[in-house]
Amino acid sequence: MRHEKSAVFRINDGGVVRLICVRGLTFRRSIQLEKAFKERVGRPVSVTFLGRFDSIETASGIGEFLDLALEPEVISESAETVVVPSCNLLGY
């Protein structure tokens, strides 16, 4: 099964900024969508293609952010598995 990345766009509508994710767009189609949006909509709404990402996650606070960002990494070495513990950042 092929993993689809999500294209992320920042929409600025007169100071109200949102992120919109579109699953499955190729890099080329993402650029084309950004260009077409700019040509057809224009000011005061602007769009910026931020990139394609493997995963989009949201956190409800700093603690959850740190849990998501610093979850233990699993590193495989031959038959053994090494777990690297997360660090205690900012006292959280």
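Preceding block: the structure.
Residues numbered from 1 in each chain as written. Predicted model: local features only at pLDDT ≥ 70, side-chain atom pairs only at ≥ 80, totals over all residues. Heavy atoms only, no water.

(A) Inspection of the overall build of the protein chain at higher detail. Each helix and strand in the protein chain was counted, giving two helices and five strands. In the protein chain, the succession of α and β elements from N to C terminus is β-β-α-β-α-β-β. Counting the 92 residues in the protein chain, one finds 14% classified as buried. In the protein chain, the share of contacts with a sequence separation of at least 24, taken over all contacts with a separation of at least 6, comes to 41%. For the protein chain, the accessible area works out to roughly 7,500 Å², and carbon and sulfur atoms hold 54% of it. (Helix = DSSP H or I, 4+ residues; strand = E, 2+ residues; numbered from the N terminus. Buried < 20%, exposed > 50% of the residue type's maximum accessible area, 1.4 Å probe, protein only. Contact = heavy atoms within 4.5 Å. Areas by Shrake-Rupley, 256 points an atom, 1.4 Å probe, with all protein chains shown as cover.)

(B) Expanded view of the side chain of S6. Of note, S6 is situated in strand β1 (residues 6-13). A relative accessible area of 10% places S6 in the buried class. Contacts of S6, omitting those with residues within four sequence positions, involve C21, V22, R23, G51, R52, F53 and I56.

(C) Local environment of the packing of aromatic side chains. Tallying each qualifying case throughout the model produces two aromatic pairs. Ring geometry for F9 against F49: centres 5.4 Å apart, planes inclined by 40°, an arrangement best described as tilted. On the criterion of sequence distance, the pair formed by F9 in strand β1 and F49 in strand β3 (residues 45-53) is long-range, its members being 40 residues apart. An aromatic cluster of three or more residues is present, and its members are F9, F27 and F49. (Phe/Tyr/Trp six-rings, centres within 6.5 Å; stacked < 30°, edge-to-face > 60°.)

(D) Local environment of the sheet that holds β3. Here we have three strands laid out as an open sheet, ordered β2-β1-β3, and antiparallel in their pairing. Sheet topology places β2 (16-23) and β3 at the edges, where each strand pairs with a single neighbour. Pairs of neighbouring strands in the sheet enclose a mean axial angle of 20°, with direction left out of account. In this structure, β1 lies alongside β3, joined through eight bridges in antiparallel fashion. The residue of β3 that forms the bridge with S6 is F53. Together, β1 and β3 form the strand contacts of helix α1 (residues 27-40), whose direction differs from that of β3 by roughly 175°. (Pairing = 2+ DSSP bridges. Axes fitted to C-alpha atoms, helices over the stretch in contact; angles between N-to-C directions.)

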